[in-house]
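Chain by chain, the residues:
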Amino acid sequence: MNTKGLGRPIIREIVKIVEETELTKTFYFNGEGLFAKPGQFYMLWLPEIDEKPISACITNIEEGFIGLSIKKVGRFTEEIQQRKIGDKVGIRGPFGKGFNHEKGRKAIFIAGGIGIAPIRSIFDLLKKEQEELVLIYGAQTDSDLVFKEYFTQFTNNVTYCTDDGSFGYHGFPTDILRNFLEKEIKKGGELNYSIYGCGSELFLKAVLDLIASIDQSLLTHTQLSLADRYMRCGVGLCGSCIIDDTGLSVCKDGPVFTGEILAKTTDFGIYGRNPDGSKSKIQPHY
Amino acid sequence: MNTKGLGRPIIREIVKIVEETELTKTFYFNGEGLFAKPGQFYMLWLPEIDEKPISACITNIEEGFIGLSIKKVGRFTEEIQQRKIGDKVGIRGPFGKGFNHEKGRKAIFIAGGIGIAPIRSIFDLLKKEQEELVLIYGAQTDSDLVFKEYFTQFTNNVTYCTDDGSFGYHGFPTDILRNFLEKEIKKGGELNYSIYGCGSELFLKAVLDLIASIDQSLLTHTQLSLADRYMRCGVGLCGSCIIDDTGLSVCKDGPVFTGEILAKTTDFGIYGRNPDGSKSKIQPHY
Amino acid sequence: MTDLQTQIGDISIRSPLILAAGVLGTSFSSIKRVYNNGFGAMVSKSIGIKPNAGYVNPTIFLLPETRSAMNAVGLANPGVEDFFEKMKPNLEEKLPIIYSIYGNEEEQIRAIIEKLNQLNPLAYELNVSCPHGGKFGLSVLHDDELFRSLVTTAKKYATCPVWVKLSPNAVNITDYAEIAISSGADAIVAINTLKAMVIDIETMTPVLANKAGGLSGKAIKPIGVRAVYDLYSRFPKTPIIGVGGIETAEDVIEYLLAGASAVEIGTAFAYTDDQEKLGTQINSELESYLKDKGLKLEELIGKAHKE
Amino acid sequence: MTDLQTQIGDISIRSPLILAAGVLGTSFSSIKRVYNNGFGAMVSKSIGIKPNAGYVNPTIFLLPETRSAMNAVGLANPGVEDFFEKMKPNLEEKLPIIYSIYGNEEEQIRAIIEKLNQLNPLAYELNVSCPHGGKFGLSVLHDDELFRSLVTTAKKYATCPVWVKLSPNAVNITDYAEIAISSGADAIVAINTLKAMVIDIETMTPVLANKAGGLSGKAIKPIGVRAVYDLYSRFPKTPIIGVGGIETAEDVIEYLLAGASAVEIGTAFAYTDDQEKLGTQINSELESYLKDKGLKLEELIGKAHKE
Ligand SMILES: Cc1cc2nc3c(=O)[nH]c(=O)nc-3n(C[C@H](O)[C@H](O)[C@H](O)COP(=O)(O)OP(=O)(O)OC[C@H]3O[C@@H](n4cnc5c(N)ncnc54)[C@H](O)[C@@H]3O)c2cc1C
Ligand SMILES: Cc1cc2nc3c(=O)[nH]c(=O)nc-3n(C[C@H](O)[C@H](O)[C@H](O)COP(=O)(O)OP(=O)(O)OC[C@H]3O[C@@H](n4cnc5c(N)ncnc54)[C@H](O)[C@@H]3O)c2cc1C
Ligand SMILES: Cc1cc2nc3c(=O)[nH]c(=O)nc-3n(C[C@H](O)[C@H](O)[C@H](O)COP(=O)(O)O)c2cc1C
Ligand SMILES: Cc1cc2nc3c(=O)[nH]c(=O)nc-3n(C[C@H](O)[C@H](O)[C@H](O)COP(=O)(O)O)c2cc1C
Ligand code: FES
Ligand code: FES
């Protein structure tokens, strides 16, 4: 197998920082040797602090940079947000299998919170090739929504949602998705859509349940990127990120799985795995 | 650097054995992954016996085989001569830098005894490209001369010599070389020759001295392959085959050296190195 | 089909390939997936008496230039109670699972074993050789008294064979085997990872959060083969399970020739594109080799030892 | 040009690169060639009291898949008398040569040192750590009494510093360093090769004629770095010379950060196309790194040890 990218952290200076919202910043790096396929992820190392999984978000091969969008939720993500231009971090990867671009199908993107990061990577690929791009993107509040101007440039089929009604639709992205799919069904004909989703696992579970209730056959065309999983190795070795009952690893077999596979797991959206390997109920968060 | 061929012994069955003379046999092997440039050599391993340097002799890439011609002189070479078709040996290499084909110059080959083995490899390359091939090949006695019919096929400028007069010229190959070069000089014009030689080191020393006495400028066009050296690693690591005063290793920097370089060494043709690293006077043998 | 069955003392497994401890062995579902991939048996992650979150990250990374890995997970595990619940499905499925256990007091070993005995283990693997396990790791091995007492305790309570996993961080690994075997060990597993460190030269910091860790993978294969060879020379009657750097059928054969009755595979799972085929692929190459040589698997064991 | 000079106790060398013992170090001409290639100093082949032809071949081969090597030369060397004659030219040339010596009796060490003192060595490197040196190898290290007496003897007769070269085939390498330092050693060299074996699966035979040998090269680098790190932690005042798997400037820096004052390079000579450039190339990369970081070489030493 090709072992490129599997190795130790590559050290890169932060070359640009964009403050997207109060809680989210995008960090840019020289991308040489690090370019990812949409849906892959990196292990980001802050020396003497910690190392955590972060999705490939912005991949600009022509101009030679990558951008990682990170939301402050705890110790590691707080630490990185204090870093300045010129500071050094370590990056391992890219890891995982990423999204499978289903050619010939129309695309729906559905993201919750910082789940927008990997969605942007697949959105960016498809915007070059496809006309119809439907984006449904929700967060707790307006100031959590990132890349708003960006998306609007490339599609006029965006719906923003906030839990508190501070921007866009007041309610959940799943409401919008349900309405959209039901409308399409009423129009008649096949639901020729691929659905690409990312967000908290409870959110993704809601998306999966919704799709299953509307049209089981859409499950194979639903690809969800899991992001609530504790990880160590990133390469399918340690078992920290296994989802029962399939025995699949999120880092190597995922982080993107089809709805069909996720529907078979007993853990998805229910149990996460702690660093010691024990399981605990997944808690709500964006 | 390209590390192909540097590794552990590759095990091959003997697929053919040709008894060239009473003392010399040629052993054929599947050559895949082992093809050498003329003048390179292998380390040939007889498990539980020993491992010794043996020159690339016959290299047939089209038909996929190699042939190694080996003269019985001691324990190892006796052992291999007892091997049968189907027996397995280990082969490391090819090692060393080999002959540099000097295009645009006429070729003289000079070989003593089993020194013919690497000479055949460079002869075979040049016979495809050059018209004038002069071969001077001596041995103690007729039955030591190998490949006689073979060479005669490709050039009519061969002189065989034997110490005992049992075949060809009764005397040393150096006599023939001297005559040849002196005749050329008398004809006038530049001595536009490359000289490729192999044999015992005393023999090669005689060749070198002769050439130096005739025309110093020929030394850079004289390439002699050393074959009287004890070797261990074959890769320039252990120092077993260093020739003083240059510090060059026969295995990695050689085994082929120009006359110009050899003229600078203090050891060539005089001192060999024992397995313990000490030096001893080189003894006469073919 | 050639038979790949191998015997480790009283135990018989369908293939000499065993999943190594600490790799994909915390959840029943991943252990089962490895079994479905042709392995003869699977060793669980090393389990202690209490839950242990291990070290913060980085805890594992690869060194592709030598097809190796560095890790200092620090014996992270959910503790025997939680783990027991997780493995209960095996009471029905009956997969050949070896439980790796660790502890530094007789009482811990007793408690862990009495609990896990209920799962009908194929064997226990006593891990006294983790180079980043702190007081539960190598320091146990290096305290002869303690080491002896833990093996004895394990044997006393275990309802199945007890294997002891040794470290190459030793003057002579066979001296530890001597202690293990004379204390009743049924088999020796060798080798665990070697003490090692990688420092990042840009940030001038050891990469592993724990600084030091263990080296595994292809880099250590010749060290593992040597350990097995030496163990077999000294204890030809004790089954040996070879571990360290095995990726291919050739590697497995090398260990068998050195004297192993079976082998464990860890790091290779990171270097294969298709984890589902690792076992079946090696099995079929082993079969070809045996067929080609006209030998039975058991005839390979120790065959590199001449006269 | 940045200064690459480094200090090892009282000795100062122009670059931290030192030729490792046993590699290209039996003849003065090859030692000189390495010096001309930018090295700071060169260690000779390990020399004993009597000539030793070593083992029959195969004694050395490479493992390119891990950029490593296996060897069991068996301390082949021409003995101190012959070697002394060979090295005499250095009385004029005055190259910085460290003489590696071995022996298993005080008397041998005394005799070797009294002879070689006449060559004005830069230092001695006492080799007690050869894994295939039989009674002259690792077994010396593992006999505390003998080990201590040999270091003491070397110190007593040597007219220059005495370095002691240790093996990673140890429970804890720093315990050996303790003995060496308390017996007077001026510096510690770590690491020698690791006990290892490669078996050919076609002929079912260990490849080295001696069967077992030592593993060197890239595979062992993390083990060497760890040894140096641990030695520096425990003995911050004793100079350490790091060895094992160094091929590039990055590797050298890693060892310096771990705590080495200088490094030795062996196996890398087999993996470079142009041996004449190995030293100058690494030196110039070291200079760039130091310039880039705005640091002096000595500031790198031990810098990976935080607070
Ligand atoms: C494949 C993958 C891709 C990811 N990509 C991104 C990305 O592109 N950008 C990004 O910002 N994050 C991403 N994450 C999530 C990111 O790894 C976590 O936010 C991070 O590990 C939290 O570390 P911490 O030390 O800051 O917080 P911790 O101290 O570990 O956790 C703080 C609190 O946040 C909660 N929490 C745990 N996980 C999450 C989560 N995923 N999101 C929100 N809250 C959480 C915990 O319950 C806890 O209470 C990704 C995760 C995975 C597995
Ligand atoms: C680069 C290189 C290429 C070589 N290529 C070939 C080759 O293609 N074919 C081949 O037959 N040999 C070749 N040789 C020589 C071959 O390696 C030796 O003949 C062999 O090592 C002798 O081993 P042994 O155990 O049979 O004899 P040993 O027991 O080692 O020596 C037996 C006797 O032969 C003498 N002797 C030593 N070296 C030689 C020698 N080179 N020739 C004759 N007598 C010698 C010794 O003085 C000793 O008395 C080559 C050597 C080198 C260095
Ligand atoms: C990520 C990782 C975790 C490990 N955890 C354990 C463990 O918990 N217990 C144990 O005995 N060995 C553990 N090991 C060591 C392996 O079981 C094995 O002995 C070692 O990795 C050598 O085999 P390999 O080269 O096939 O990986 C671990 C190894 C790795 C790479
Ligand atoms: C062919 C060879 C011969 C060696 N001989 C000696 C020796 O005589 N004395 C010694 O102390 N070390 C000897 N060594 C060990 C090296 O000096 C060094 O410690 C080891 O190879 C690790 O460094 P490297 O990875 O750069 O080769 C030898 C190593 C090799 C490869
Ligand atoms: S993080 Fe190690 S298996 Fe997924
Ligand atoms: S044979 Fe080892 S250097 Fe030439």
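Located above this text is the structure these notes cover.
Quick look at the structure, then.

## Considerations on the overall build of chain C
Secondary structure summary: chain C contains 11 helices and 16 strands in total. With the C-alpha coordinates of chain C rotated into their principal frame, the extents come out at 50 × 50 × 40 Å. Taken over 307 residues, chain C has a buried fraction of 71%. Total accessible area computed for chain C in this model is approximately 9600 Å², and 47% of it derives from carbon and sulfur atoms. One way to put it: in chain C the 29 positive side-chain charges average out to a point 1 Å from where the 36 negative ones average out.

## Side note on the interface of chain C and chain D
How large an interface is tends to be reported as the accessible area lost when its parts come together. On the side of chain D, 46 residues touch chain C, which itself brings 46 residues to the contact. Between chain C and chain D, the buried area comes to about 3900 Å², and carbon and sulfur atoms account for 67% of it. Inspection of the chain C/chain D interface yields 2 salt bridges. Of the charged contacts, one joins C:Lys293 and D:Glu202 as a salt bridge, the two residues approaching to 2.9 Å between their closest N and O atoms. Here chain C is connected to chain D by 16 residue pairs in polar contact (both at pLDDT 80 or more). Those elements that place two or more of their residues in the side of chain C that touches chain D are strand E11 (194-196), strand E12 (199-200), strand E13 (205-206), strand E14 (213-217), helix H8 (221-234), helix H9 (249-258) and helix H10 (278-293) of chain C.

## Side note on the site of ligand 4
All names here are of chain D. Contacts to ligand 4 come from 20 residues, most closely from Ala21, Ser46, Lys165, Gly245 and Thr267. Contacts to ligand 4 include Gly217, whose backbone N or O atom sits 2.8 Å from an oxygen atom. Measuring from an oxygen atom of ligand 4, one finds a backbone N or O atom of Gly245 at 2.7 Å. Coverage of ligand 4 by the protein chains reaches 98% of its 600 Å² of free accessible surface. Here ligand 4 occupies the second largest cavity. Considering only residue class, the shell around ligand 4 consists of 6 nonpolar, 12 polar and 2 charged.

## Side note on the sheet that holds strand E5 (residues 60-63) of chain D
Taken together, the 4 strands give an open sheet; going across it, the order is E5-E6-E14-E11 (chain D), and neighbouring strands pair in antiparallel fashion. Of all strands in the sheet, those bounded by a partner on one side alone are E5 and strand E11 (194-196) of chain D. Geometrically, the sheet is characterised by an average inter-axis angle of 35 degrees between neighbouring strands, direction not taken into account. Here strand E6 (residues 68-71) of chain D runs beside strand E14 (residues 213-217) of chain D; their pairing, made up of 4 bridges, is antiparallel. Bridge pairing links D:Asn71 to D:Gly214 in E14(D). Its contacts with the sheet place H8(C) against E5, E6, E11 and E14 of chain D, and it is angled at close to 65 degrees to E11(D).

## A look at the pattern of salt bridges
This structure, assessed with the given rule, holds 61 salt bridges over all chains. A:Lys279 serves as the salt-bridge partner of A:Asp267, at 3.0 Å between the closest nitrogen and oxygen. Of this pair, A:Asp267 sits in the loop between helix H6 (259-264) and strand E18 (271-273) while A:Lys279 sits in strand E19 (residues 279-281), placing them 12 residues apart in sequence. The exposure class of A:Asp267 is buried, given its relative accessible area of 2%. For D:Arg234, the salt bridge is made with D:Asp175, and the minimal N-O distance between the two is 2.8 Å. One end of the pair, D:Arg234, is in helix H8 (residues 221-234); the other, D:Asp175, is in helix H7 (residues 173-182), and 59 residues separate them in sequence. Looking at D:Arg234, the relative accessible area reads 38%, which means it is partly exposed. With a relative accessible area of 39%, D:Asp175 lands in the partly exposed category.

## Overview of the relation of the copies chain C and chain D
With an RMSD of 0.0 Å, the fit of chain C onto chain D corresponds to turning through 180 degrees and sliding 0.0 Å along the axis. Both copies are brought into coincidence by an operation consistent with a two-fold rotation axis. Comparing interface residues between copies, 100% of those in chain C also sit at the interface in chain D, which points to an isologous, same-surface contact.

## Notes on the sheet that holds strand E16 (residues 262-265) of chain C
Residues and elements named next belong to chain C. Strand order in the closed barrel formed by 8 strands is E3-E4-E7-E8-E9-E10-E15-E16, and the pairing between neighbours is parallel. On average, each strand axis in the sheet is inclined to that of its neighbour by 25 degrees, with strand direction left out of account. Pairing between strand E3 (residues 17-19) and E16: 3 bridges, direction parallel. From the neighbouring strand, Ile18 faces E16, where its bridge partner is Glu264. Lying on the sheet, helix H4 (residues 106-116) is in contact with strand E7 (97-101) and strand E8 (123-127); it crosses E7 at an angle near 160 degrees. In the packing of H8 onto the sheet, contacts are made with strand E10 (187-190) and strand E15 (240-243), and the angle to E15 comes to roughly 165 degrees.

## Regarding helix H4 (residues 106-116) of chain D
Residues and elements named next belong to chain D. Taken together, the buried positions of H4 are Gln108, Ile109, Ile112, Ile113, Lys115 and Leu116. Buried residues in H4, looked at end-on, bunch into an arc of 160 degrees, giving them a common side. Structurally, H4 contributes buried residues whose contacts are with helix H2 (79-87), strand E7 (97-101), strand E8 (123-127) and helix H6 (144-157).

## Some words on the packing of aromatic side chains
This structure, assessed with the given rule, holds 33 aromatic pairs over all chains. Judged by centre distance (5.8 Å) and plane angle (75 degrees), the ring pair of A:Tyr150 and A:Phe151 falls under edge-to-face. You'll find A:Tyr150 and A:Phe151 in the same group, each marked buried. Here B:Phe41 and B:Phe95 contribute two aromatic rings whose centre-to-centre distance is 5.8 Å and whose plane-to-plane angle is 50 degrees, an arrangement assigned as tilted. A residue pair is termed long-range when its members are at least 10 positions apart, and B:Phe41 in strand E4 (residues 41-46) and B:Phe95 in strand E8 (residues 88-95) qualify at 54 residues. You can call B:Phe95 buried: its relative accessible area is 2%. One aromatic cluster is present, formed by A:Phe99, A:Phe109, A:Phe123, A:Tyr137, A:Phe147, A:Tyr150, A:Phe151, A:Phe154, A:Tyr160, A:Phe167 and A:Tyr196 through successive ring pairs.

## Some thoughts on the side chain of C:Thr26
In this structure, C:Thr26 sits in the loop between E3 and helix H1 (28-35). When residues no more than four places from it in sequence are discounted, the contact partners of C:Thr26 are A:Cys238, A:Gly277, C:Lys45, C:Pro78, C:Phe83, C:Lys86 and C:Met87.

What counts, and at which threshold
- Residues numbered from 1 in each chain as written.
- Chains lettered and ligands numbered in written order.
- Predicted model: local features only at pLDDT ≥ 70, side-chain atom pairs only at ≥ 80, totals over all residues.
- Heavy atoms only, no water.
- Helix = DSSP H or I, 4+ residues; strand = E, 2+ residues; numbered from the N terminus.
- Buried < 20%, exposed > 50% of the residue type's maximum accessible area, 1.4 Å probe, protein only.
- Areas by Shrake-Rupley, 256 points an atom, 1.4 Å probe, with all protein chains shown as cover.
- Lys, Arg positive; Asp, Glu negative; His and termini not counted.
- Charge placed at Lys NZ, Arg CZ, Asp CG, Glu CD.
- Contact = heavy atoms within 4.5 Å.
- Buried area = accessible area lost by both parts, 1.4 Å probe.
- Salt bridge = Lys/Arg side-chain N within 4 Å of Asp/Glu carboxyl O.
- Polar contact = N/O pair within 3.5 Å; in protein donor to acceptor, adjacent residues only side chain to side chain.
- Near = heavy atom within 4 Å.
- 1 Å grid on protein atoms, 1.4 Å probe; cavity = no way out; pocket = protein on both sides within 12 Å on 5 of 7 lines; lining within 4 Å.
- Sits in = over half its atoms within 2 Å of the grid points.
- Nonpolar A, V, L, I, M, F, W, Y, C, P; charged D, E, K, R; others polar.
- Pairing = 2+ DSSP bridges.
- Axes fitted to C-alpha atoms, helices over the stretch in contact; angles between N-to-C directions.
- Least-squares fit on C-alpha atoms with pLDDT ≥ 70 in both.
- Arc of directions from axis to C-beta.
- Phe/Tyr/Trp six-rings, centres within 6.5 Å; stacked < 30°, edge-to-face > 60°.

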